[in-house]
Structure formats: structure tokens, C-alpha cells
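# Per-entry structural report
Here are the chains, one letter per residue:
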Amino acid sequence: MRHSRYRVARSTVLVGSVLLALSLSACTNASQAVPESAGSAAPAGSDASAEAVALNEAARDLLPEKIRTAGTLRVASDPTYAPFEYYDTDNKTMIGYDVDFSDAIGAALGLKIEHVPATFDTILPGLASGKYDMAMSTFSITPEREKIVDFVEYLDGGSGVAVLPGNPKKISMDPMSMCGFKIAGQKGSIQSMEYLPEFSKECTAAGKEAINIQNFPGQTDANLALASGRVDAVVADSVSLAYQANEAGGEFELAAGEDYEPTPTGIALAKDSGLQEAVTEATRGILDSDYYEEMRAKWGLPESVLITSEALDQK
């Protein structure tokens, strides 16, 4: 999840090498492997979103006839990235900011939302292959991903680093502070596939020891490795890390400092599916509504990650 350096790159040719690159860059958190068959179908929005977000006729009119007739959007998320998407106490109901937002899109479009859990690095390839209609899992908008899927921005944010309490090794988002340490990231995330390798090159170029990059299948796995001392730090979305550190009861904390590389965060859609215009219009209405702020407050997101509907006109 990041900020306003919106970058454009488009290609209509789906080749295996691009699909691989797509699966190897993102902004997320994940914990245990999630069985994809455990999806929970839900009506168009939770009760809260259905009441707060009215049907947006202009947006619904932009829907492809096939989707309007089907009446359902299959939305994929990796439910291990609190507060954006994770399982409730029943271990089967997906909740979180992205869940509420996608439910609100369903309410605006007059569609049912079927929430489908999936491991993070499989979501965008699955979307490109037609397995899902939409994906919300705090995806950073990158040129590689734009070659395969379409995006609609809905948040801005950046990366941070989680460390042990008191930060005994003085690790920060300054690459030089990470040299020689074991730094964890989630497999398929932009942090593990782009940022950490770049940081490691800066270390070696400066004559320092390379970063020992540790990739984990999910964010919770990485967090547990930090709490148990198997790694020295974890790099991920700063909002999620701060939330998870609080939930962990002091086992680790978000290191002080500004977010690294704030970048646009987007709703992902299968390229050329015809959904981008409809979802953009639905999102515009949500961004202009009081419900946008209500969702932020409900899930404890900082105000700095919010955008205005004018941001959608700049794309």
C-alpha cells in the first residue's frame, strides 16, 4: 500500500513471464496458507454498507451485461492482513477494511459480493485468468501489475518496519540500518520482491554485508518469526504492521520514522473485463460519502491514507 507516484504501464498480451512478475510484487500480509475453497458468499454488502451506500444508478449502468445478469462479483483477498482482511473469531467469516469497502461497492452496483480467500501471491494471476472478478488485498499499483490487471485507487500508504520492543538493533527503513540483518517480508509482496533486494544492493555497494532476506508465505508467519527471534525485523505495510503490533500485545512494534515510498493502493480488476468504469464510478461515490471516513475510523486507519474522488480523475 503506497502513494501518489502513480505509474502507467499497459499491455494486452498475457505471457507467462509477466504473470510470474505479477505474482512476485505486492503489498500485503498473510499468515497461514488459506484454502481457496473456503469462500463465504455474502449479499451485496454487509448490513452497514447496504444502509450507508445507496444504489449508484450511474455506476450500475456502466456494468457489463454479463456481470449485471450474473448479479455477483467474486472478490479475492488474502485474509491474513489485519485490519484490511482477516478472519473473525469464528475463523471463517472474512472481515476488515477491504471487506467493508468491497461490500460497499457491491451495494453501489446492486450486486452480491462473494468473498473468496486466497494466498496473496496467487490472487492477481487468478484474476488475470478469470478465476475472480475483483481483488482487494491492499495491492500497491505498480507498472508490472498494470500490465496484467486494471486498478481503481482507493487509498494511499507506505511501508514500515516492525522490530522487537525498544528496537535493540536500531533498524529503520534506512537501508543502511538493515545491512547484515535477517529481514523478513511476505512472499509476493513489493517489500520482499522489490524493496528488500534494492536495499541489499545498496548495502553491498556501500561495502557492507548484504541483507539476509527471509520470505514467508504470510504476514503472520513473518511476525511470529520476529517475535521468536528468528528474524531481526519485518518490512510490510505500515498501517497493517502498526495494527498487528498492537494486537500482539507488545511482542513487536513499528519502528519510528516516516513511511517508505507511499504509493497508490488499488482495487484490482481483470484487464479489459469492462468493470473498471463501473467500479471507478462506484468508488467515486464511496470516496465522496461519509461512509469512507466511517470505515477508516472503524478499522483504525490514519487519516493520511485517505484520498479524494479527484484522485480518480487524474488517472
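An account of the accompanying structure is given in this report. (Residues numbered from 1 in each chain as written. Predicted model: local features only at pLDDT ≥ 70, side-chain atom pairs only at ≥ 80, totals over all residues. Heavy atoms only, no water.)

Per the stated rule, a full pass over the model turns up nine salt bridges. The salt bridge involving Lys271 is made with Asp150; its shortest N-O contact spans 2.9 Å. Of this pair, Lys271 sits in the loop between strand S13 (260-270) and helix H11 (276-287) while Asp150 sits in strand S8 (residues 149-163), and the two are 121 residues apart along the sequence. The exposure class of Lys271 is buried, given its relative accessible area of 15%. Linking Asp232 and Lys169 is a salt bridge whose minimum nitrogen-to-oxygen distance equals 2.4 Å. (Salt bridge = Lys/Arg side-chain N within 4 Å of Asp/Glu carboxyl O. Helix = DSSP H or I, 4+ residues; strand = E, 2+ residues; numbered from the N terminus. Buried < 20%, exposed > 50% of the residue type's maximum accessible area, 1.4 Å probe, protein only.)

A few words now on the state of the cysteines. Tallying each qualifying case throughout the model produces one disulfide. What pairs with Cys179 in a disulfide is Cys203, and their sulfur atoms sit 2.1 Å apart. Because the sign of the S-S torsion sets the handedness, a value of about -90 degrees for the bond joining Cys179 and Cys203 places this disulfide among the left-handed ones. Taken together, the residues Cys179 in the loop between S8 and strand S9 (182-186) and Cys203 in helix H8 (residues 190-205) connect sequence positions 24 residues apart. Residue Cys179 shares its accessibility class with Cys203, and that shared class is buried. (Disulfide = S-S within 2.5 Å.)

All right, on to the sheet that holds strand S5 (residues 94-95) then. Here three strands make up an open sheet; going across it, the order is S3-S4-S5 and the pairing antiparallel. Looking at strand neighbours, the two that pair on one side only are strand S3 (80-81) and S5, the edges of this open sheet. Strand direction decides the pairing type here: S3 and strand S4 (residues 85-87), joined by two bridges, are antiparallel. When the sheet's bridge partners are listed, Tyr81 is paired in S4 with Glu85. (Pairing = 2+ DSSP bridges.)

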